[in-house]
Amino acid sequence: MPIRAVLWDIDDTIFDYASADRIGMRQHLELEGLPEAYASVDVALDAWKALSVRHWARMTAGETDFRGQRRDRVREFLSRDLEDAEAEAWFGRHAAHYEAAWALFPDVLPVLDLLAHDYRHGILSNANTDHQHRKLTTLGVRDRFESMVCAVELGISKPEAGAFHAACETLALEPHEVAYVGNEPDIDAAGAVAAGLTGIWLDRQGAGGRADLVTITGLDQLPGLLAGDTRFGAPDTFG
């Protein structure tokens, strides 16, 4: 049976999270000052990225909540035992710069336009529904997706099969009728495959090295893949 719908990851798949986060934090540190623990702004930015990954994983594992992981990131980044209100205020000042830098990747709108009439579209994210809804609305694409499932409210997260199945259920489709596109090879593409979907790894950085996954290096390759490329459904790397 052909693919009837595409489920999408958001951060670093359609939304350039890495760039926005780095630009926003750089601007924030220019105003707040560089914490003493870091030799340079670039070192601080790398540390913030690593902390974000680790505390986000804690949240998806149920060890903390959405606001809690933000506060914990700030405390560890600053090496200070801040009260909740202090940590949230610091993060809020950073968030203003981060949100000002929000942007879609340039290939997103052209591909959504090309796929609009032939495929249904939904979102499956390991984040918070309110946050992701506001993000997609601000970026002007929330109405492109008929459904959105987020792990924080669902109670399970990618790569668990139940997360992918829940997203398919919102579209009233079977997993084999749905493709999932995401930037993480294991959490997104391999997780989707294990759940019975067609998993597609969006390898924007050209990292490669995953012969077991269907791989694209840009969304411009997706329409041809979905339309019936003879290699679709078998591991391959395009571009």
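Since the model is a prediction, treat every value here as computed from it, not as a measurement.

Here is what the cut-offs are and how they apply
Residues numbered from 1 in each chain as written. Predicted model: local features only at pLDDT ≥ 70, side-chain atom pairs only at ≥ 80, totals over all residues. Heavy atoms only, no water. Helix = DSSP H or I, 4+ residues; strand = E, 2+ residues; numbered from the N terminus. Buried < 20%, exposed > 50% of the residue type's maximum accessible area, 1.4 Å probe, protein only. Contact = heavy atoms within 4.5 Å. Areas by Shrake-Rupley, 256 points an atom, 1.4 Å probe, with all protein chains shown as cover. Lys, Arg positive; Asp, Glu negative; His and termini not counted. Charge placed at Lys NZ, Arg CZ, Asp CG, Glu CD. Axes fitted to C-alpha atoms, helices over the stretch in contact; angles between N-to-C directions. Parallel < 35°, antiparallel > 145°, perpendicular 65-115°, else oblique. Left-handed = near helix turned anticlockwise from the far one by under 90°. Nonpolar A, V, L, I, M, F, W, Y, C, P; charged D, E, K, R; others polar. Salt bridge = Lys/Arg side-chain N within 4 Å of Asp/Glu carboxyl O. Arc of directions from axis to C-beta.

A. Highlighting the overall build of the protein. Each helix and strand in the protein was counted, giving 10 helices and seven strands. C-alpha atoms of the protein, sized along the principal axes, occupy 55 × 35 × 30 Å. Within the protein, buried positions represent 49% of all 239 residues. When contacts within the protein are restricted to residue pairs at least 6 apart in sequence, those whose partners lie at least 24 apart make up 59%. Accessible surface, the protein as shown: approximately 11,100 Å² in total, 51% of it carbon and sulfur. For the protein, the separation between the mean place of its 22 positive charges and that of its 39 negative charges on side chains is 3 Å.

B. Representation of unusual backbone geometry. Residue Pro159 is reached from Lys158 by a cis peptide bond, and omega for that bond is 15°. Look at Asp12: it is not a glycine, yet its phi comes out positive at around 65°. Its location among the elements puts Asp12 in the loop between β1 (5–8) and α1 (17–32).

C. The arrangement of the packing of α1 against helix α4 (residues 84–100) in detail. Close contact between α1 and α4 brings their axes to 7 Å; oriented N to C, the two are set at 125°. The angle between α1 and α4 falls in the class oblique. Every pair of crossing elements has a handedness; the one defined by α1 and α4 is right-handed. Residue-level contacts link Tyr17, Ala20, Asp21, Gly24, Met25, Gln27, His28, Leu29, Leu31 and Glu32 of α1 to Trp90, Arg93, His94, His97 and Tyr98 of α4. For the contact of α1 with α4, the per-class residue count stands at seven nonpolar, five polar and three charged.

D. Inspection of the pattern of salt bridges at higher detail. Here the structure, examined in full by the defined rule, presents 22 salt bridges. One salt bridge connects Lys158 with Asp9, and the closest N-O pair in it is separated by 3.0 Å. Of this pair, Lys158 sits in the loop between α7 (151–154) and α8 (161–170) while Asp9 sits in the loop between β1 and α1, and the two are 149 residues apart along the sequence. Asp9 shares its class with Lys158; the two are buried. With its nearest N and O atoms 2.8 Å apart, the salt bridge here joins Asp186 to Arg210. Placement of Asp186 in helix α9 (residues 185–194) and of Arg210 in the loop between β5 (198–202) and β6 (214–216) is noted, with a sequence separation of 24 residues between them. A cluster of three or more residues bridged by salt bridges with shared partners is formed by Arg58, Glu63, Arg67, Arg71, Asp72, Arg75, Asp84 and Glu88.

E. Region of the structure containing the packing of helix α3 (residues 66–78) against α4. Two numbers describe how α3 lies on α4: the axes approach to 9 Å, and their chain directions differ by 85°. It follows that α3 is roughly perpendicular to α4 by the angle criterion. Between α3 and α4, the residues in contact are Arg67, Arg70, Arg71, Arg73, Val74, Arg75, Phe77 and Leu78 and Asp84, Ala87, Glu88, Trp90 and Phe91, respectively. For the contact of α3 with α4, a count of residues per class yields six nonpolar, no polar and seven charged.

F. Molecular detail of helix α5 (residues 108–115). Burial in α5 covers these residues: Val108, Val111, Leu112 and Leu115. Buried residues along α5 cover an arc of 100° about the axis, so they all sit on one side. Elements that come into contact with the buried residues of α5 comprise β1, β2 (120–125) and α10 (222–226).

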